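Given next are the chains, with one letter for each unit.
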Amino acid sequence: MTFDIVTIFPAMIEQPLAAGVLGRAIERGLLTVKVRDLRDFTTDRHRVVDDVPYGGGPGMVLKPDPIFRALDAIEAERGRPSAVILTSPQGARFTQADAKRLSRVETIVVLCGRYEGVDERVRERVTEEVSIGDYVLTGGELPALVILDAVARYVPGVVGDEDSVTHDSFSRGLLDFPQFTRPPVIRSARLSAEPDSERELTVPDVLLSGNHAEIRRWRKREALRRTLERRPDLLAGAKLDEEEVEILRALQDDRMAGTQKVGE
Ligand code: ADE
């Protein structure tokens, strides 16, 4: 799978990709990422990539012609890309489902938006405009890395344990259950409300029990509890099995009972 990332700040993409899981995937040839400096596609002496907006107003707009030339160069090298993504706060919200869908295509171009915007005519060459969330960043480099990371996780071999990708609970529309590792007990004075005393932080007994059926059920319940508390909006689209539907009902009943008690 190949990513071509068009940006005016190549170092913002290159440096993060030098390390970590993606760095290793690139080293091993599982992923090809080519960073294209938009200024290389200008034709003037000053390598100007932006201009004032027609109609006036603050800020600068990325010029269309260097972007068109960059896209032409990528197409001449690789053929027509499967997807041309423009990062922008005006885009559709990027989701896990998009990451999975995009991981099945061969060549992806990401155009990093910048300044107050990008000349509207660029959208003629764009197949999707993507926002990574309802906030405004200084440019599209961080969103490009976010998209690349989320997509690359689905490329076979990139993440060591493939089960952790296909079974990750977010793919099913739920938040993850809590995880613990050794040691089984942590004692800390800092966490105690009482002076000169320690508080013990323990691991839920069920996880130490070795009873795999119980552990599975506990994890389902805790994933559902978290989702219900923190992101109830996800539950409408979540793929739940019969056991989870039953656990969710019980959790909702408990919450209702709790709410009533407070109001009594
Ligand atoms: N550029 C600036 N903010 C952005 C966002 N939230 N998502 C994608 N691109 C952006």
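Keep in mind that this is a model prediction, so the values were computed, not measured.

Student: Could you clarify how one ought to interpret the overall build of the protein chain in this entry?
Tutor: Each helix and strand in the protein chain was counted, giving 9 helices and 10 strands. Computed over the C-alpha atoms, the radius of gyration of the protein chain is 24 Å, more than 25% above the 18 Å expected from 2.2 N^0.38 for a compact globule of 264 residues. Projected onto the principal axes, the alpha-carbon positions of the protein chain cover approximately 70 × 45 × 45 Å. Intrachain contacts of the protein chain at a sequence separation of at least 6 include 71% that bridge at least 24 residues. With the model as given, the accessible surface of the protein chain reaches about 16,000 Å², and the carbon-plus-sulfur share is 51%.

Student: Whenever I open this one, the pairing of strand E1 (residues 2–7) confuses me. Can you help?
Tutor: When you tally the buried positions in E1, you get 6 out of 6 residues, the bulk of the element. Burial of E1 is two-sided: the residues Thr2, Asp4 and Val6 facing one way and the residues Phe3, Ile5 and Thr7 facing the other way are all buried. Bridging between E1 and strand E6 (residues 107–112) involves 5 bridges; their strand directions are parallel. Paired with Phe3 across the two strands is Ile108, which belongs to E6.

Student: In this structure, what is going on with the nonpolar core? I would like to understand it.
Tutor: Nonpolar side chains in soluble globular proteins tend to be buried together. Formed by 31 residues in total, the largest nonpolar core has its most connected members in Phe3, Ile5 and Leu31. Those elements that place two or more of their residues in this core are E1, helix H2 (20–27), strand E2 (32–37), strand E5 (83–93), helix H4 (96–102), E6 and helix H5 (141–152). With 7 residues, the top contributor of residues to this core is H5. Each residue touching Ile5, except ones within four places of it in the same chain, is listed here: Ile13, Val33, Lys34, Val35, Arg36, Val110, Cys112, Ala144 and Leu148. Counting residues in each nonpolar core, the second largest holds 17 residues, with Ile8, Phe41, Leu111 and Val122 among its members.

Student: Please explain the sheet that holds strand E4 (residues 61–62) as it appears in this structure.
Tutor: Backbone hydrogen bonds hold the strands of a sheet together, and the pairing may be parallel or antiparallel. Pairing is mixed across the open sheet formed by 3 strands, whose spatial order is E3-E4-E7. The sheet is open, and its two edges are formed by strand E3 (50–51) and strand E7 (117–118), each paired on a single side.

Student: Looking at this structure, I do not really get the site of the ligand. What am I missing?
Tutor: Every residue close to the ligand is listed here: Thr87, Ser88, Pro89, Val130, Ser131, Ile132, Gly133, Tyr135, Val136, Leu137, Gly139 and Pro143. Separating a nitrogen atom of the ligand from a backbone N or O atom of Gly133 is a distance of 3.1 Å. Note that a nitrogen atom of the ligand is positioned 2.8 Å from one of the backbone N or O atoms of Tyr135. Counting residues per element, the ones that place at least two in the shell around the ligand are E5 and strand E8 (128–131). Ranked by residues supplied to the shell around the ligand, first place goes to E5 with 3 residues. Considering only residue class, the shell around the ligand consists of 7 nonpolar, 5 polar and no charged.

Student: Would you mind going over the layout of surface pockets with me for this structure?
Tutor: A probe matching the size of a water molecule, rolled over the atoms, marks out where space remains unfilled. Approximately 470 Å³ is the volume found for the largest pocket. For the largest pocket, the lining is made up of 17 residues, of which Thr95, Gln96, Ala97, Phe170 and Gly173 are closest to its centre. With 3 residues, the single largest contributor to the lining of the largest pocket is H4. Looking at the lining of the largest pocket, its residues break down into 6 nonpolar, 6 polar and 5 charged. For the lining of the largest pocket, the domains that each give at least three residues are domain 1 (2–166) and domain 2 (185–263).

Student: Please explain the packing of aromatic side chains as it appears in this structure.
Tutor: Any two aromatic rings considered together are summarised by their centre-to-centre distance and by the angle between their planes. For the structure on display, the rule yields 0 aromatic pairs. We note Arg125 situated over the ring of Phe68; from NZ or CZ to the ring centre the distance is 5.3 Å.

Student: Which parts of the structure should I look at to understand the domain arrangement of the protein chain?
Tutor: Interface size, as often reported, equals the accessible area lost upon joining of the parts. By domain assignment, the protein chain separates into domain 1 (2–166) and domain 2 (185–263). The distance between the C-alpha centroids of domain 1 and domain 2 comes to 39 Å.

Student: Help me understand helix H3 (residues 64–78) in this model?
Tutor: For an α-helix, the turn length of 3.6 residues means that residues three or four places apart are oriented alike. Look at H3: 21 Å from first C-alpha to last across 15 residues, which is about the 21 Å you get at 1.5 Å a residue. Three or more residues of H3 are buried, namely Pro64, Pro66, Ile67, Ala70, Leu71 and Ile74. Packed against the buried residues of H3 are E1, E2, E4, E5, E6 and E7.

What counts, and at which threshold
- Residues numbered from 1 in each chain as written.
- Predicted model: local features only at pLDDT ≥ 70, side-chain atom pairs only at ≥ 80, totals over all residues.
- Heavy atoms only, no water.
- Helix = DSSP H or I, 4+ residues; strand = E, 2+ residues; numbered from the N terminus.
- Rg over C-alpha atoms; globule rule 2.2 N^0.38 Å.
- Contact = heavy atoms within 4.5 Å.
- Areas by Shrake-Rupley, 256 points an atom, 1.4 Å probe, with all protein chains shown as cover.
- Buried < 20%, exposed > 50% of the residue type's maximum accessible area, 1.4 Å probe, protein only.
- Pairing = 2+ DSSP bridges.
- Core = buried A, V, L, I, M, F, W, Y, C linked by side-chain atoms within 4.5 Å.
- Near = heavy atom within 4 Å.
- Polar contact = N/O pair within 3.5 Å; in protein donor to acceptor, adjacent residues only side chain to side chain.
- Nonpolar A, V, L, I, M, F, W, Y, C, P; charged D, E, K, R; others polar.
- 1 Å grid on protein atoms, 1.4 Å probe; cavity = no way out; pocket = protein on both sides within 12 Å on 5 of 7 lines; lining within 4 Å.
- Points joined across faces, edges and corners; volume = space filled by probe spheres on them.
- Domains from an automatic or database assignment.
- Phe/Tyr/Trp six-rings, centres within 6.5 Å; stacked < 30°, edge-to-face > 60°.
- Lys NZ or Arg CZ within 6 Å of the ring centre and 35° of its normal.
- Expected span 1.5 Å × (residues − 1).

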